[in-house]
Amino acid sequence: MTGQVRTVDGRVAGRRGQATRQKLLDCLSEMLSSSPYRDVKVIDVARKAGTSPATFYQYFPDVEGAVLEIADSMAAESAELTELLAGRTWTGKAGWQTAQDLVDGFLDFYRRHDAILRVVDLAAAEGDKRFNKLRMKILNSVNGSLTEAITELKSKGRVDKDVNPAAIAGSLVTMLASVAAHQKGFTAWGVKQAEIKPNLALLIYLGVTGKKPTK
């Protein structure tokens, strides 16, 4: 990575500088998991990283700028969601497995990045175009593949001719994201974590194929 990371004023960060920058990001990520985004201050991040606010400002303009760095890195990892559907079928027992794997991978992605995704969703909802772009990048990693799958099934006469593939795919992805972000809340409704996956997979499969799965 040496030579790839720059300070705010454009200087190339050396190995030690890169390590300091990454430590600041790691400490910020940890703080976001236990503190409201707007309560996190530069001085607190710097103190946790064992450095000074002046050092923080060498690498980031403010807390929001550092959060964007974390969010951008997380969004880049969303490529793994696309791989969940690459070359997969939606017919027969294999189709049911596709739906289960998609749900399993999507929920796992949201659990691993829960803290930063909460910030991304909040900022996007408030109209911040930068965060909204990152949110759409994550959702598009699945939306495009689902749209193609439904389009193919429609061309073969396997789903209703009046179905709009993009509309169905977009609705399913939005549902996936909402459920993934609300996983902990299901316990208040008496729903166990283990019960979420199969039921959500059923809804996804029905949405894509219009039929009950072959199990």
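Nothing here was measured: the structure is a model prediction, and the numbers come from that model.

Asks: Tell me what's going on with the overall build of the chain, and back it up with residues and numbers.
Replies: For the chain, the helix and strand inventory stands at ten helices and zero strands. Taken from N to C terminus, the helices and strands of the chain fall in the order α-α-α-α-α-α-α-α-α-α. Overall, the C-alpha framework of the chain stretches about 60 × 40 × 30 Å when taken along its three principal axes. Classification of the 215 residues of the chain by burial places 40% in the buried group. Within the chain, residue pairs in contact and separated by at least 24 positions form 64% of the contacts whose partners lie at least 6 positions apart. Looking at the chain as shown, the accessible area adds up to about 11,700 Å², and 52% of this sits on carbon and sulfur atoms. Distance between charge centroids for the chain: 3 Å, based on 30 positive and 24 negative side chains.

Asks: Which residues make up helix α10 (residues 193–209), and what are the values?
Replies: The end-to-end C-alpha distance of α10, which contains 17 residues, comes to 25 Å, matching closely the 24 Å that a straight helix rising 1.5 Å per residue would cover. Those residues of α10 lying buried are Ile196, Leu200, Ala201, Ile204, Tyr205, Val208 and Thr209. End-on, the buried residues of α10 take up no more than an arc of 155 degrees, which puts them together on one face. On its buried face, α10 is in contact with α6 (92–112), α8 (129–155) and α9 (165–181). Just downstream of α10, glycine 210 is the residue with a positive phi angle, here 75 degrees.

Asks: Give me the pattern of salt bridges: which residues, what numbers.
Replies: Scanning the entire structure with this criterion turns up 15 salt bridges. Taking the shortest distance from any N to any O, the salt bridge between arginine 130 and glutamate 64 comes out at 2.6 Å. With arginine 130 in helix α8 and glutamate 64 in helix α4 (residues 63–77), this pair connects stretches of sequence that are 66 residues apart. In this structure arginine 130 comes out as partly exposed when scored by relative accessible area, which is 41%. Residue arginine 111 is joined to aspartate 108 by a salt bridge in which the shortest nitrogen-to-oxygen separation is 4.0 Å. Of this pair, arginine 111 and aspartate 108 both sit in helix α6, separated by three residues, roughly a single helical turn. Exposure remark for aspartate 108: the relative accessible area of 30% places this residue in the partly exposed category. Ionic contacts of the salt-bridge type, sharing partners, join the residues Glu80, Asp108, Arg111 and Arg112 into one network.

Asks: Quick rundown of the packing of α6 against α8? Include the residues and the values.
Replies: Contact pair α6 / α8: the axes reach a minimum separation of 12 Å and the direction vectors enclose 170 degrees. With respect to α8, the axis of α6 lies roughly antiparallel. Residue-level contacts link Leu102, Phe106, Phe109 and Tyr110 of α6 to Ile138, Leu139, Val142 and Leu146 of α8. Taken together, the residues that form the contact of α6 with α8 break down as eight nonpolar, no polar and no charged.

Asks: Break down the nonpolar core for me, with residues and values.
Replies: Side chains of nonpolar character tend, in soluble globular proteins, to be buried together. Of all hydrophobic cores here, the largest spans 63 residues; its most connected members are Leu28, Leu32, Val67, Trp90, Phe106, Ile116 and Leu146. In terms of residue count, α8 provides more of this core than any other element does, nine residues in total. Contacts of phenylalanine 106, omitting those with residues within four sequence positions, involve Leu81, Leu84, Leu139, Val142, Leu176, Ala177 and Ala180.

Asks: Tell me about α9, and name the residues and values.
Replies: For α9, with 17 residues, the first-to-last C-alpha span of 24 Å sits near the 24 Å given by 1.5 Å per residue. Taken as a whole, α9 has its buried residues at Pro165, Ala169, Leu172, Val173, Leu176, Ala177, Val179 and Ala180. All buried residues of α9 project into a common sector of 165 degrees when viewed along the axis, lining one side. In this structure, the buried residues of α9 make contact with α6, α8 and α10. Capping the start of α9, asparagine 164 holds a side-chain oxygen 3.0 Å from the backbone nitrogen of alanine 166, two or three residues further along.

Asks: An account of the packing of α8 against α9 is requested, with residue identities and associated values reported.
Replies: Across the interface, α8 lies against α9 with an axial gap of 8 Å and an inter-helix angle of 135 degrees. The angle between the axes of α8 and α9 places the two elements in the oblique class. Pair α8 / α9 crosses with right-handed handedness. Seen from α8, the contacting residues are Arg135, Leu139, Val142, Asn143, Leu146, Thr147, Ile150, Thr151 and Lys154; seen from α9, they are Pro165, Ala166, Ile168, Ala169, Gly170, Leu172, Val173 and Ala177. Here the contact of α8 with α9 is composed, by residue class, of eleven nonpolar, four polar and two charged.

Each value, and the rule that gives it
- Residues numbered from 1 in each chain as written.
- Predicted model: local features only at pLDDT ≥ 70, side-chain atom pairs only at ≥ 80, totals over all residues.
- Heavy atoms only, no water.
- Helix = DSSP H or I, 4+ residues; strand = E, 2+ residues; numbered from the N terminus.
- Buried < 20%, exposed > 50% of the residue type's maximum accessible area, 1.4 Å probe, protein only.
- Contact = heavy atoms within 4.5 Å.
- Areas by Shrake-Rupley, 256 points an atom, 1.4 Å probe, with all protein chains shown as cover.
- Lys, Arg positive; Asp, Glu negative; His and termini not counted.
- Charge placed at Lys NZ, Arg CZ, Asp CG, Glu CD.
- Expected span 1.5 Å × (residues − 1).
- Arc of directions from axis to C-beta.
- Salt bridge = Lys/Arg side-chain N within 4 Å of Asp/Glu carboxyl O.
- Axes fitted to C-alpha atoms, helices over the stretch in contact; angles between N-to-C directions.
- Parallel < 35°, antiparallel > 145°, perpendicular 65-115°, else oblique.
- Nonpolar A, V, L, I, M, F, W, Y, C, P; charged D, E, K, R; others polar.
- Core = buried A, V, L, I, M, F, W, Y, C linked by side-chain atoms within 4.5 Å.
- Polar contact = N/O pair within 3.5 Å; in protein donor to acceptor, adjacent residues only side chain to side chain.
- Left-handed = near helix turned anticlockwise from the far one by under 90°.

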